[in-house]
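Working through the structure, step by step
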Amino acid sequence: MSPNPTPQNPSVVLSESGYLATVEPDRFVPGAYQLVVDGTPQSHVNLDDPSQLFFEYIQRMGNVIDLIGDPGQPITAVHLGAGALTLPRYIAYTRPGSRQQVVELESRLVDLVREQLPLPRYAQIRIRHGDAREVVGKLPNGLRGEVDLLVVDIFSGSRTPAHVTSAEFYRSAVSLLKPDGIVLVNVADGPPLSFARSQVSTLGSVVENVAALAETQVLKGRRFGNVVLVGSNSPLPLEWLPRLLASGPHPAKAVAGEELRTFAAGAPIVTDATSVPSPPPARSIFQTGTRRD
């Protein structure tokens, strides 16, 4: 732990990255907290109501999760990247009995979150420590081909590490999915969206169907933000897109099919040899109150 953590803002220096991670109370929502790593807000959790998703891209992921299988029924999920365990808590609360595995490199981060933002007793969540790419290859054989949902939301500070952006990584990760399983990928990028376009091409080289969800101005390449990629080897139900748009947050845009191919046209497929980290956001984005989960 840090030398003099205050009761209001407990913190820890992460052993792998050296970044400072801090848990801060939400000044406006009683019972809610924010996890900040290296000055970047990374997660928001409402302990009193885990169904409340604050950051817009997490809301979009939650909207997709709500459409998997029958409403409220348990699923098997694997999360690469822990943060404050926002989505695992959401699934445990909205789909009781779900089996979940979480992979996180920073063990001190997990300790801080579990101590300051304890998981509910009903949650069936197993946390594994280690690099996401390495751990995926070591998960139990019983999981392979049996996962309904795979969430890829891996950040070191404000950037996604290069080695979890390549076709080789995605090919290994999506091997966990059932034939109709869904992978959700959080991509952070800004104008001209070169990184996001290449991630669309790369994920599309591994799974048969991909859609992209984001705030309208982000997908138009007018500002930095988060793009949620939805992928599956089974057809993504066409009725999903209007329902996802209607679910918000607004303004929202969904891109699939020919429009998505046009969006990613010319963007290279990323390999281990060509992979780079996601671009860093300007610090002013977070200084003005914009937050990410």
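Structural notes, computed from the coordinates. (Residues numbered from 1 in each chain as written. Predicted model: local features only at pLDDT ≥ 70, side-chain atom pairs only at ≥ 80, totals over all residues. Heavy atoms only, no water.)

1. Observations concerning the environment of Asn-233
Keep this limit in mind: Segments assigned H or I by DSSP are reported as helices when at least four residues long, segments assigned E as strands when at least two residues long, and all are numbered from the N terminus. Here a polar contact means two N or O atoms within 3.5 Å. Within protein one must be a hydrogen donor candidate and the other an acceptor candidate, and residues neighboring in sequence count only if both atoms are side-chain atoms.
By the element assignment, Asn-233 lies in the loop between strand E11 (225-232) and helix H8 (240-247). A distance of 3.2 Å separates a polar atom in the side chain of Asn-233 from the backbone nitrogen of Glu-208.

2. Looking at empty space enclosed by the protein
What counts is decided by this rule: Cavity means a closed set of points on a 1 Å grid over the protein atoms alone, one where a 1.4 Å probe fits but cannot get out, pocket means an open set with protein on both sides within 12 Å along at least 5 of 7 lines, and lining means a residue has an atom within 4 Å of a point. Grid points are joined across faces, edges and corners, and a volume is the space filled by probe spheres set on the points. Amino acids are sorted into nonpolar (Ala, Val, Leu, Ile, Met, Phe, Trp, Tyr, Cys and Pro), charged (Asp, Glu, Lys and Arg) and polar (every other residue, Gly among them).
Counted according to the given criterion, the structure contains two cavities of 30 Å³ or more. In this structure, the largest cavity encloses a volume near 80 Å³. Every residue along the wall of the largest cavity is listed here: Val-152, Asp-153, Ile-154, Thr-160, Val-164, Thr-165, Tyr-170, Val-185, Asn-186, Val-187, Phe-195 and Gln-199. Listed by contribution, the elements that provide at least two residues to the lining of the largest cavity are strand E9 (177-189) and helix H6 (194-204). Ranked by residue count, the leading element in the lining of the largest cavity is E9, at three residues. For the lining of the largest cavity, the class distribution of residues is seven nonpolar, four polar and one charged. For the second largest cavity, the calculated volume is near 50 Å³. Listed by contribution, the elements that provide at least two residues to the lining of the second largest cavity are helix H1 (56-66), strand E10 (209-215), H8 and strand E12 (252-256). For the lining of the second largest cavity, a count of residues per class yields five nonpolar, two polar and two charged.

3. Focus: the packing of aromatic side chains
Basically, it comes down to this: Here is the rule: rings of Phe, Tyr and Trp (six-membered ring for Trp) pair when centre to centre is within 6.5 Å. Planes less than 30 degrees apart are stacked, more than 60 are edge-to-face, and the remainder are tilted. Each residue is assigned to one of three classes by its accessible area relative to the maximum for its type, calculated with a 1.4 Å probe on protein chains only: buried under 20%, partly exposed between the two thresholds, exposed over 50%.
One pass over the structure, following the stated rule, counts two aromatic pairs. Ring centres of Phe-54 and Phe-55 lie 5.4 Å apart, and the angle between their planes is 70°; on these two criteria the pair is classed as edge-to-face. The buried category is assigned to Phe-55, whose relative accessible area is 2%. Seen in terms of ring centroids, Phe-169 and Tyr-170 are 5.3 Å apart; in terms of plane orientation they differ by 50°. Their pairing is tilted. Like Phe-169, the residue Tyr-170 is buried in the burial classification.

4. With respect to unusual backbone geometry
Most peptide bonds take the trans form, and the phi angle of most residues other than glycine is negative. Residue Pro-192 follows Pro-191 across a cis peptide bond; omega there is 5°. As for its placement among the helices and strands, Pro-192 is situated in the loop between E9 and H6. Residue Asp-38 is not a glycine yet carries a positive backbone phi of 55°. By the element assignment, Asp-38 lies in the loop between strand E3 (32-37) and strand E4 (40-46). Even without being glycine, Leu-85 reaches a positive phi, approximately 65°. Judged by relative accessible area, Leu-85 falls into the buried class, the value being 3%.

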